[in-house]
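# Observations on chain architecture
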Amino acid sequence: MAGGGRAQGLSRSCILLIVIAGMERFAFKGVASNLVTYLTDVVKMNNSSAAKTVNSWCGFTSMLPLLVAPLADSFWDRYSTILTSSFLYVLGLGAVASTALLWTWTPPSNTSSSAFLFWSLCLISLGQGAYNPSLQAFGADQLDYDEELPCSKDDKNSKKKSLFFQWWYFGVCTGSLLGVILMSYIQDTFGWVLGFAIPMFAMVTSIAFFTCGSRIYAYKPDRTIDSEPFPNMLQLIKVTASKLFNGRITLPNDKSDVVELELQDKPLCDQKLGSSEGLDEDPKHDTYLIENAKIVLRLLPIWTMLLMFAVIFQQPATFFTKQGMTMKRNIGRDFKIPPATLQSAITLSIILLMPIYDKVLIPITQIVTRNKKGISVMQRMGVGMFLSIIAMIIAAVVETKRLEISRRIGVLESETVPLSIFWLLPQYVLLGISDIFTVVGMQEFFYNEVPVRMRTMGFALYTSVFGVGSFLSALMISVIEAFTSSEGRQSWFSDDMREDGLNKYYWLLALASALSLLLYTILCKCYKSSKSELEHGNCK
């Protein structure tokens with residue numbers, strides 16, 4: 001995967017934006033990766049409440065792009081959106097750091113203190129909700145302009161696009177790795193004030209880098225990125241509802257309209273395709289909007305089947321971390337591994353194995369499948385889902401072993417068991433490998449399957465999988481906790497880690513994910529990729 005100095009032809013602006021994306025991930029992971037420890041040790045939440053809070057916040061953060069993206073596509077240019085949202089992002093990071101500073105003097109003792117932390121986290125979510133999809137769409141805009149033309153079907157452009165997404169994810173994972181390793185150590189060793197202040201300064205630096213690159217960016221013309229699809233769809237709903245109530249919906253019976261439309265479609269590219277002129281006057285524009293809406297709706301079954309994959313990915317930052325706190329973490333006499341640091345195994349495995357995927361696995365699959373891309377995007381996502389199931393099975397086996405040792409030795413003074421924390425590594429590494437397949441595949445899938453003017457929305461659909469997955473994880477915890485703790489029984493998520501039932505929870509996740517994979521496989525056989533005629537296929 002490593003090419004020359006320019007990542008096999010990616011422009012300077014692409015490379016700069018990949019670096020900026022990595023810095024943003026460093027800032028976010030610096031706060032998010034160890035947040036569950038902050039909530040339990042500083043804010044004094046119990047395990048289940050802290051896990052639900054982290055899951056809900058991550059879900060809210062990942063869902064916001066779905067709400068903001070239509071506005072960014074319709075009313076704002078991406079450059080301005082990135083700048084504005086980054087300032088909100090920095091403001092939220094600064095507010096979180098200020099809570100840590102305040103609580104070093106006065107420990108949190110009332111709801112107002114927790115409320116301020118909550119609103120600070122929400123400010124980070126709001127900033128990131130507009131920042132991430134806009135930055136990635138802006139990065140994709142830096143690719144050669146002919147790549148974005150509706151009629152471009154050149155294999156080199158497709159490979160370059162895939163390469164961009166792989167390098168983008170490589171940069172994101174590098175930033176995440178540094179954020180998890182460095183910030184977890186700093187937070188556990190030097191305190192939370194410095195641990196939350198450094199991500200804020202990293203984000204400030206990324207804004208400076210972004211503004212310095214203004215001269216080298218490629219800015220797509222308004223007609224390409226700003227055709228107001230969201231307001232147009234709202235108008236379509238309004239017009240359709242009006243027709244329904246007035247009983248005016250009729251089928252076209254004039255064949256000449258069809259012939260005329262076919263003749264108009266013959267030119268290589270309809271340059272007015274992106275224009276919204278004549279929307280009110282041209283009834284055919286309703287058909288165009290319906291097709292765009294249908295494209296998004298037909299993605300929902302695939303989107304739904306990916307949710308359990310997202311639920312599994314909430315575990316490293318919550319229960320995996322709490323698991324690690326009860327295991328032997330010593331290296332030498334004095335140094336203890338911060339449990340959250342093991343999350344770096346996910347990103348480290350991605351960074352190390354992604355070049356192998358590109359240089360070894362893809363050529364082999366090209367020979368076997370006789371497909372120029374090796375495996376399809378949907379096959380790539382399916383492989384990752386399968387590996388995540390294996391990771392949960394391993395997690396369940398390790399947790400069962402930990403509980404057996406804990407109960408056998410009858411630890412009274414401490415929850416720590418004589419089982420090395422490195423037994424958790426296989427499940428982290430497998431999740432990292434599954435990430436290479438599924439997450440990169442999801443980015444490319446949703447980017448390719450939406451109309452050109454809705455590319456920011458495509459990235460928002462991808463992030464919303466993890467948003468809804470986070471909420472689904474929090475809901476599952478609440479339901480399971482209510483069910484398992486009834487009639488005086490011990491909850492699966494007990495604060496006493498010697499009596500919890502996390503192994504059962506992991507088996508349940510593996511079973512639910514296996515069912516999702518089965519349904520996903522069936523859907524893939526029925527699904528046909530829509531290179532939308534309105535966006536890509538008006539050229540015969």
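Residues numbered from 1 in each chain as written. Predicted model: local features only at pLDDT ≥ 70, side-chain atom pairs only at ≥ 80, totals over all residues. Heavy atoms only, no water.

### Considerations on the overall build of the chain
Counting its secondary structure elements, the chain contains 20 helices and four strands. Across the 540 residues in the chain, those meeting the buried criterion constitute 55%. Contacts spanning at least 24 positions in sequence make up 85% of the contacts within the chain whose residues lie at least 6 apart. Entry remark: accessible area of the chain is about 24,500 Å², with carbon and sulfur atoms responsible for 65%. (Helix = DSSP H or I, 4+ residues; strand = E, 2+ residues; numbered from the N terminus. Buried < 20%, exposed > 50% of the residue type's maximum accessible area, 1.4 Å probe, protein only. Contact = heavy atoms within 4.5 Å. Areas by Shrake-Rupley, 256 points an atom, 1.4 Å probe, with all protein chains shown as cover.)

### Considerations on the pattern of salt bridges
One pass over the full model with this rule turns up two salt bridges. Salt-bridge contacts for Arg 25 lead to Glu 24; the nearest nitrogen and oxygen are separated by 2.9 Å. (Salt bridge = Lys/Arg side-chain N within 4 Å of Asp/Glu carboxyl O.)

### What to know about the side chain of Gln 128
Counting through the fold element by element, Gln 128 comes out in helix α5 (residues 111–141). Residue Gln 128 is classed as buried on the basis of its relative accessible area of 6%. Reaching out from Gln 128, the side chain makes a polar contact with the side chain of Glu 24 at a distance of 3.2 Å. (Polar contact = N/O pair within 3.5 Å; in protein donor to acceptor, adjacent residues only side chain to side chain.)

### Considering a nonpolar patch on the surface
A surface patch of nonpolar side chains, amounting to about 580 Å² of accessible area, comprises Tyr 185, Phe 190, Leu 194, Ile 331, Phe 335 and Phe 422. Here Phe 190 shows up in the loop between α7 (155–189) and α8 (192–212). Under the relative-accessibility criterion, Phe 190 is labelled exposed at 57%. (Patch = residues over 30% accessible without salt bridge, like charges linked within 9 Å, V, L, I, M, F, W, Y side chains within 5 Å.)

### What to know about empty space enclosed by the protein
Evaluation of the coordinates by the stated rule reveals six cavities of 30 Å³ or more. When its volume is computed, the largest cavity comes out at roughly 900 Å³. In terms of lining residues, the largest cavity is bounded by 42 residues, among which Arg 25, Phe 28, Lys 29, Tyr 462 and Phe 466 are the most central. Of the residues contributing to the lining of the largest cavity, the split by class is 22 nonpolar, 16 polar and four charged. (1 Å grid on protein atoms, 1.4 Å probe; cavity = no way out; pocket = protein on both sides within 12 Å on 5 of 7 lines; lining within 4 Å. Points joined across faces, edges and corners; volume = space filled by probe spheres on them. Nonpolar A, V, L, I, M, F, W, Y, C, P; charged D, E, K, R; others polar.)

### Considering α8
The end-to-end C-alpha distance of α8 is 31 Å, a good match for the 30 Å that 21 residues give at a rise of 1.5 Å each. Taken as a whole, α8 has its buried residues at Trp 192, Gly 195, Phe 196, Ala 197, Pro 199, Met 200, Ala 202, Met 203, Ser 206, Ile 207 and Phe 210. (Expected span 1.5 Å × (residues − 1).)

### Comments concerning the nonpolar core
Counting residues in hydrophobic clusters, the biggest one holds 129 residues, and the most contacted among them are Phe 210, Phe 446 and Tyr 505. With twelve residues, the top contributor of residues to this core is helix α17 (residues 377–409). The contact partners of Tyr 505, leaving out residues within four places of it in the chain, are Gln 315, Phe 319, Ser 473, Ile 477, Ile 480, Trp 492 and Phe 493. (Core = buried A, V, L, I, M, F, W, Y, C linked by side-chain atoms within 4.5 Å.)

### Examining the packing of aromatic side chains
Tallied over the entire structure, the rule returns 20 aromatic pairs. Measuring from centroid to centroid gives 4.9 Å for Phe 309 and Phe 313, while their planes differ by 40°, and the two rings are tilted. Residue classification places Phe 309 among the buried residues on the basis of a relative accessible area of 2%. Within the aromatic cluster, the residues linked to one another by ring pairs are Tyr 79, Phe 138, Phe 210 and Tyr 217. (Phe/Tyr/Trp six-rings, centres within 6.5 Å; stacked < 30°, edge-to-face > 60°.)

### Notes on the packing of helix α16 (residues 344–369) against helix α18 (residues 425–449)
It is at 8 Å that the axes of α16 and α18 come closest, and there the two elements cross at 50°. Our classification of the angle between α16 and α18 gives oblique. Taken as a pair, α16 and α18 cross one another with a handedness that is right-handed. For the pair α16 and α18, the contacting residues are Ala 345, Ile 346, Ser 349, Ile 350, Leu 353, Met 354, Tyr 357 and Leu 361 in the first and Leu 425, Tyr 428, Val 429, Leu 431, Gly 432, Ile 433, Asp 435, Ile 436, Phe 437 and Val 440 in the second. (Axes fitted to C-alpha atoms, helices over the stretch in contact; angles between N-to-C directions. Parallel < 35°, antiparallel > 145°, perpendicular 65-115°, else oblique. Left-handed = near helix turned anticlockwise from the far one by under 90°.)

### What about the side chain of Ser 206?
Along the chain, the position of Ser 206 falls in helix α8. Among the residues examined, Ser 206 registers a relative accessible area of 0% and is labelled buried. A distance of 2.7 Å separates a polar atom in the side chain of Ser 206 from the backbone oxygen of Met 203. Not counting residues within four places of it along the chain, the set of residues in contact with Ser 206 comprises Ile 20, Met 23 and Tyr 131.

### Regarding the packing of helix α1 (residues 12–32) against α8
Taken N-terminus to C-terminus, the directions of α1 and α8 make an angle of 165°; their axes are 8 Å apart at the nearest point. What the angle tells us is that α1 and α8 run roughly antiparallel. Note that α1 runs across α8; the crossing there is left-handed. In this structure, α1 uses Leu 16, Leu 17, Ile 20, Met 23, Glu 24, Phe 26, Ala 27, Gly 30 and Val 31 to contact α8, whose residues at the interface are Gly 195, Phe 196, Ile 198, Pro 199, Ala 202, Met 203, Thr 205, Ser 206, Phe 209 and Phe 210. Residues of the contact of α1 with α8, tallied by class, amount to 14 nonpolar, four polar and one charged.

### Observations regarding the environment of Arg 329
Mapped onto the secondary structure, Arg 329 falls in the loop between β1 (327–328) and β2 (330–331). For Arg 329, a relative accessible area of 17% gives the class buried. As for Arg 329 and Ile 421, which are separated by 92 residues in sequence, their C-alpha atoms are 5.7 Å apart. When neighbours within four sequence positions are excluded, Arg 329 is seen to be in contact with Gly 324, Phe 335, Lys 336, Ile 337, Pro 338, Pro 339 and Ile 421.

### A closer look at the pairing of strand β4 (residues 417–420)
In β4, alternate side chains face the same way, and those of Val 417 and Leu 419 are buried while those of Pro 418 and Ser 420 on the opposite face are not. Inspection of the sheet shows β1 paired to β4 by two bridges, in the parallel sense. In the strand pairing of β4, Met 327 is matched with Val 417. (Pairing = 2+ DSSP bridges.)

### Some words on the confidence of the model for the chain
One rule of thumb: low pLDDT means the predicted coordinates there are not for detailed reading. In this model, the chain carries an average pLDDT of 75, and 73% of its residues clear a pLDDT of 70 or more. No element of the chain has a lower mean pLDDT than helix α11 (residues 255–264), which averages 40, and none a higher one than α8, which averages 92. Note on residues 222–227: pLDDT is under 50 here. Beyond four places in sequence and across chains, it has 20 contacts. Low pLDDT, under 50, characterises residues 247–284; the predicted model gives this stretch 29 contacts beyond four residues in sequence or across chains. (pLDDT = per-residue confidence, 0-100.)

### Points about α18
In this model α18 runs 35 Å from its N-terminal to its C-terminal C-alpha over 25 residues, within 8% of the 36 Å that 1.5 Å per residue would give. The axis of α18 is deflected most strongly, by about 35°, at Asp 435. A large share of α18 lies buried, amounting to 21 of its 25 residues. (Bend = angle between axes of the 7 residues up to and from the residue.)

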